[in-house]
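Residue-level structural notes
One letter stands for each residue in the lines below.
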Amino acid sequence: MSRTRKGPKYLPGDNPGTRDLESMIRVDHAGEFGAKRIYQGQIAVLGKGPKGDILRHMAEQEERHLAKFEELVAERRVRPTALQPIWHVAGFALGAGTALLGEKAAMACTVAVEEVIDEHYREQQAALDDSEAELRDTIEEFRLEELEHRDIGLDHGAEQAPAYPVLSAAIKRASKLAIWLSERV
């Protein structure tokens, strides 16, 4: 006997006719919010040290990305993820936690997250047609800035972090799970 999923196909606030695009904006908004919180956590621990200015530079770019997706959420009437309170705590905890492990671990966190985001943004760009050229261009602009963050992390010793392969793999898995959840919830 096969079981079928019961319950609504969509959550309140979803517009079924534009689900894929709404999901895309929802997850990007959630991701930029999470990135903001990661950098806030890192700055809370390392902000007065030699990496403070670098972290603030990356945080400012994430703030600009978040502002754009907040604008898109409002303009297109997209329901934000219901998981935002979790990302508020989890993002800060990830940032502060890796920063407490040291500057290189904080940079390893940045590299891992940004590598996942690069792949995620590339997939989104491929899914957008010319009717969404402006959104596609915005995603490309932000993707390039995320790659800049990855390169900064690599230039500042990310790969020398203690247990780098394990730390990086764990953060990448968590980031992919956050993306999957935020697209849906």
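A brief report on the enclosed structure follows. (Residues numbered from 1 in each chain as written. Predicted model: local features only at pLDDT ≥ 70, side-chain atom pairs only at ≥ 80, totals over all residues. Heavy atoms only, no water.)

Looking only at helices and strands, one finds 6 helices and 0 strands in the chain. The order of helices and strands in the chain, counted from the N terminus, is α-α-α-α-α-α. A burial count over the chain gives 46% of its 185 residues as buried. Across the chain, every contact between residues at least 6 apart in sequence was considered, and the portion connecting residues at least 24 apart equals 82%. In the form shown here, the chain has an accessible surface area of approximately 9,800 Å², with 56% of it arising from carbon and sulfur atoms. (Helix = DSSP H or I, 4+ residues; strand = E, 2+ residues; numbered from the N terminus. Buried < 20%, exposed > 50% of the residue type's maximum accessible area, 1.4 Å probe, protein only. Contact = heavy atoms within 4.5 Å. Areas by Shrake-Rupley, 256 points an atom, 1.4 Å probe, with all protein chains shown as cover.)

Taking 1.5 Å of rise per residue, 21 residues should cover 30 Å, and helix H6 (residues 164–184) covers 30 Å from first to last C-alpha, within 8% of that figure. For H6, the full list of buried residues reads Tyr164, Leu167, Ser168, Ile171, Ser175, Ile179 and Ser182. Axial view of H6: buried residues confined to an arc of 105 degrees, hence all on one face. Relative to its buried face, H6 has exposed residues pointing more than 90 degrees away, namely Pro165, Val166 and Arg173. (Expected span 1.5 Å × (residues − 1). Arc of directions from axis to C-beta.)

Before going further, it helps to examine the pattern of salt bridges. Counted under the stated rule, the structure contains 13 salt bridges. Of the charged contacts in the structure, one is a salt bridge between Arg122 and Asp118, with a shortest N-O distance of 3.2 Å. Of this pair, Arg122 and Asp118 are both found in helix H4 (residues 103–127), 4 residues apart, which corresponds to roughly one turn of the helix. The network of salt bridges with common partners includes Asp118, Arg122, Glu140 and Arg143. (Salt bridge = Lys/Arg side-chain N within 4 Å of Asp/Glu carboxyl O.)

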